[in-house]
Amino acid sequence: DIRMTQSPASLSASLGETVNIECLASEDIYSDLAWYQQKPGKSPQLLIYNANSLQNGVPSRFSGSGSGTQYSLKINSLQSEDVATYFCQQYNNYTFGSGTKLEIK
Amino acid sequence: EVQLQQSGPELRRPGSSVKLSCKASGYSITDYLMHWVKHRPEHGLEWIGWIDPEDGETKYAQKFQSKATLTADTSSNTAYMQLSSLTSEDTATYFCASGDRRYFDYWGQGVMVTVSS
């Protein structure tokens, strides 16, 4: 099975900052990757699919990039409502990253 | 508005089974696959399987082949997952999530299953 290694496990950043979250696949996943946001006490929400396509209704400060085995989620101009856990998921056998807990400094 | 409403928390004895429900609103469940995902804080998220409610086709992750059974009732727009021979390893939060064969568009709120004697 394809393994997804996500980093960092936790992240603290200031309002207005830009943050990056990484996912490394154990083999080439050909951009078959999605990113989700899970706010405290809420169910996960799809942010990005196909590595770089923004889901309808998701703010444009979120973006995804990458290819091959390396992918990243970028959040520009960090807002207080972005406090959440973020995780990646690859399509082949639906393996998830371990999650990144984002807090405001 | 698409919503997936899951049943309430469950407490079960080891060796018993439990059937979880996931009622969809705002769309017909036959339009998308219904996936189920297990979450334990120390193990992260694990995909269990999916069902295509239109024809009943199912696909399971290998480790859940003999643990989970997915069904759907199109008349009530509800998907179900039965977990059998429960052990402490099955204590977790379980999510239903609609989507296609790639990713998950909408998620239920999750249901906590506790297995304890």
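Engineer: I'd love a proper account of the interface of chain B and chain A, names of residues and values included.
Structural biologist: Listed as interface residues are 16 residues of chain B and, on the opposing side, 15 residues of chain A. Between chain B and chain A we count zero salt bridges in total. Across the chain B-chain A interface, the total number found is four residue pairs in polar contact (both at pLDDT 80 or more). Those elements that provide at least two residues to the side of chain B that touches chain A are strand E4 (33–40), strand E5 (44–52) and strand E10 (104–107) of chain B. The element best represented in the side of chain B that touches chain A is E5 of chain B, accounting for four residues. Residues belonging to the side of chain B that touches chain A are distributed by class as follows: eight nonpolar, three polar and five charged.

Engineer: Account for the packing of aromatic side chains, with residues named and values stated.
Structural biologist: Working definition: an aromatic ring pair is given by the centre-to-centre distance plus the angle between the planes. Under the criterion given, the structure shown has 15 aromatic pairs over all chains. Residues Tyr36 of chain A and Trp107 of chain B carry aromatic rings whose centres are separated by 5.5 Å and whose planes lie at 75° to one another, so their mutual orientation is edge-to-face. Of the two residues, Tyr36 of chain A sits in strand E4 (residues 33–38) while Trp107 of chain B sits in strand E10, which places them in two different chains. As far as the burial class goes, Tyr36 of chain A and Trp107 of chain B line up, both buried. With 5.8 Å between their ring centres and 65° between their planes, Phe87 of chain A and Phe96 of chain A make a pair best called edge-to-face.

Engineer: Can you lay out the sheet that holds strand E8 (residues 70–75) of chain A for me, pointing to particular residues and giving the numbers?
Structural biologist: Residue and element names in this part refer to chain A. The strand order across the open sheet built from four strands is E1-E3-E8-E7, with neighbouring strands paired in antiparallel fashion. With one partner strand each, in any of the chains shown, strand E1 (4–7) and strand E7 (62–67) form the two edges of the open sheet. Going across the sheet, the axis of each strand differs from the next one's by a mean of 15°, ignoring polarity. Where strand E3 (residues 19–25) lies against E8, six bridges are found, and the strand directions are antiparallel. Residue Leu24 lies in a different strand from E8, and its bridge partner there is Gln70.

Engineer: Any chance you could break down the state of the cysteines for me, citing the residues and the numbers?
Structural biologist: This model, assessed by the stated rule, comprises two disulfides over all chains. With a sulfur-sulfur separation of 1.9 Å, Cys23 of chain A is cross-linked through a disulfide to Cys88 of chain A. On the sign convention where negative means left-handed, the S-S torsion of about -80° between Cys23 of chain A and Cys88 of chain A marks this disulfide as left-handed. Note that Cys23 of chain A is positioned in strand E3 and Cys88 of chain A in strand E9 (residues 84–90), a separation of 65 residues in sequence. The same class applies to Cys23 of chain A and to Cys88 of chain A, which are both buried. The partner cysteine of Cys22 of chain B in its disulfide is Cys96 of chain B, sulfur to sulfur 2.0 Å. Looking down the S-S bond of the Cys22 of chain B and Cys96 of chain B bridge, the torsion is 75°, so its handedness is right-handed. Pair noted here: Cys22 of chain B is in strand E3 (residues 18–25) and Cys96 of chain B is in strand E9 (residues 92–99), with a separation of 74 residues, a long-range link.

Cut-offs and rules
Residues numbered from 1 in each chain as written. Chains lettered and ligands numbered in written order. Predicted model: local features only at pLDDT ≥ 70, side-chain atom pairs only at ≥ 80, totals over all residues. Heavy atoms only, no water. Contact = heavy atoms within 4.5 Å. Salt bridge = Lys/Arg side-chain N within 4 Å of Asp/Glu carboxyl O. Polar contact = N/O pair within 3.5 Å; in protein donor to acceptor, adjacent residues only side chain to side chain. Helix = DSSP H or I, 4+ residues; strand = E, 2+ residues; numbered from the N terminus. Nonpolar A, V, L, I, M, F, W, Y, C, P; charged D, E, K, R; others polar. Phe/Tyr/Trp six-rings, centres within 6.5 Å; stacked < 30°, edge-to-face > 60°. Buried < 20%, exposed > 50% of the residue type's maximum accessible area, 1.4 Å probe, protein only. Pairing = 2+ DSSP bridges. Axes fitted to C-alpha atoms, helices over the stretch in contact; angles between N-to-C directions. Disulfide = S-S within 2.5 Å.

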